[in-house]
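Coordinate inspection notes
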Amino acid sequence: MAAIIINIEGKDGEKAVITEPLYFELCTDIDVPCDGLRLRFTSGEKPFEINRITVMLNGEKVFYGLCDRQEYSADEKGFNVFIYARSSAALLVDNEASPCAYCSPSVNVLYHAEAKTLGFKNRLPDLVCRHDYTVEKGTSCYASVNEFVKTLTGRNIRINCDNELVIPDGKNTVLLDGYTVLSESRRINRYKPITQIDYKINGDASFCRHIKSRTAESLNIQRRRKLNVSSLPMWQQEYALNERICDSLKGYTEVRIVLDGCNCFELYSEAVYRSSKLGSLDGYRLKKVTVIKNANGEKTALTFTKTTEAEAISYVAK
């Protein structure tokens, strides 16, 4: 049985500890900046307005964040409380970055401009770009840093439970043979891959330029998008186009494995499961983790995806 300790703090400094929630769900996903927490519990006293939440699972801090929504109702037994919270990355997602054109910036420059004042610490590698980097109007503080890092490394940044900006190294493995597997399934998402992007840059009157995925085309998938990248520097244009094509293929095949008990794993970890009935999981990495504890017991759902090469080609229509 998992040991869950939930520390909640009110907007005026009130504190309480929950150790027996009626419902607990924690979800992390490499494509979602914020971890999500859903929580139900009972209280003998009227709940105070909740601000911050910290979750310990089996002695390890697995969540630190802000309450987005709080609901409660009363009956003869007391109060029933529901909370939805996002991890502290919500501060970066919910605040807008200053539009700016940087000249040969480093990640440290972006961190100081958009994240340090919000209370975050920098544990990102010392990345430097020798080109201009544009942050457009409407970009969040998170996206302003993340797009820079992802352009140079191919991975999204994460904000850990200590309020630090990090990049998961993906060096860990999930040895599934050591767990009780409740179910395993494979999914093919044909709605995700993009076959072609029609785009235009400065000086183009129409979307006369194209980038095509031979992989998606070979799968007999026909899905087109149009993109105007004229406001971006050339190196960001190339990245934006390739990212859109390549990212659409990341979720083409998925494997979902449900384990007994509450367990946490590092995202991007490689799957190792020799006794899988679905065949080899070579090349599959952990995309999403959902930990659930309720009246029916405890389980952990893991979603693994495999990178599929886009085999992209670019051309200009005459």
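What comes next is a walk through the structure. Treat the numbers as computed from the prediction; the structure is a model and nothing was measured. (Residues numbered from 1 in each chain as written. Predicted model: local features only at pLDDT ≥ 70, side-chain atom pairs only at ≥ 80, totals over all residues. Heavy atoms only, no water.)

**Quick word on the sheet that holds strand 11 (residues 158-159)**
On the basis of which strands lie adjacent, the open sheet formed by three strands has the order 9-12-11 and mixed pairing. Only two strands of the sheet have a single partner each, and these edge strands are strand 9 (121-122) and strand 11. By the bridge criterion, two bridges tie strand 9 to strand 12 (residues 164-166) in an arrangement that is parallel. When the sheet's bridge partners are listed, Lys-121 is paired in strand 12 with Glu-164. (Pairing = 2+ DSSP bridges. Helix = DSSP H or I, 4+ residues; strand = E, 2+ residues; numbered from the N terminus.)

**Let's talk about the pattern of salt bridges**
Note on pairing: side chains with opposite charge can pair once their charged atoms come close. Under the defined criterion, the tally for this structure stands at 22 salt bridges. Put simply, Arg-123 and Glu-164 hold a salt bridge, and the shortest N to O gap is 3.1 Å. Of this pair, Arg-123 sits in the loop between strand 9 and strand 10 (132-135) while Glu-164 sits in strand 12, and the two are 41 residues apart along the sequence. Salt bridges here are not isolated pairs; linked through shared partners, they connect Lys-150, Glu-243, Asp-247 and Lys-250. (Salt bridge = Lys/Arg side-chain N within 4 Å of Asp/Glu carboxyl O.)

**Regarding the packing of helix 2 (residues 107-114) against helix 3 (residues 141-153)**
Interaxial distance between helix 2 and helix 3 falls to 10 Å at its minimum, and their mutual angle equals 175°. In terms of orientation, helix 2 lies roughly antiparallel with respect to helix 3. Contacts from Val-107, Leu-110 and Glu-114 in helix 2 reach Cys-141, Ser-144, Val-145, Phe-148 and Val-149 in helix 3. Taken together, the residues that form the contact of helix 2 with helix 3 break down as six nonpolar, one polar and one charged. (Axes fitted to C-alpha atoms, helices over the stretch in contact; angles between N-to-C directions. Parallel < 35°, antiparallel > 145°, perpendicular 65-115°, else oblique. Contact = heavy atoms within 4.5 Å. Nonpolar A, V, L, I, M, F, W, Y, C, P; charged D, E, K, R; others polar.)

**Re the side chain of Thr-139**
Inspection of the secondary structure assignment puts Thr-139 in the loop between strand 10 and helix 3. Residue class for Thr-139 comes out buried when judged on its relative accessible area of 18%. Residue contacts for Thr-139: discarding those within four places in its chain leaves Glu-96, Ala-97 and Ser-144. (Buried < 20%, exposed > 50% of the residue type's maximum accessible area, 1.4 Å probe, protein only.)

**As for the sheet that holds strand 16 (residues 209-213)**
Here four strands make up an open sheet; going across it, the order is 17-15-16-22 and the pairing mixed. In this open sheet, the two strands that pair with only one neighbour each are strand 17 (224-228) and strand 22 (312-316). Along the sheet, successive strands turn relative to each other by an average axial angle of 20°, direction set aside.

**So, the pairing of strand 2 (residues 15-18)**
Pairing between strand 1 (residues 4-10) and strand 2: four bridges, direction antiparallel. Note that in strand 2 the partner of Ile-6 across the bridge is Ile-18. Hairpin connection between strand 1 and strand 2: a loop of four residues separates the two successive antiparallel strands, and Gly-13 in this loop has a positive phi of roughly 95°.

**A word on the packing of helix 3 against helix 5 (residues 234-250)**
With their axes 11 Å apart at the nearest point, helix 3 and helix 5 run at an angle of 80° to one another. Classified by the angle their axes make, helix 3 and helix 5 are roughly perpendicular. Across the interface between the two elements, Glu-147, Lys-150, Thr-151 and Leu-152 from helix 3 touch Trp-235, Tyr-239, Glu-243 and Asp-247 from helix 5. Per-class residue counts for the contact of helix 3 with helix 5 are three nonpolar, one polar and four charged.

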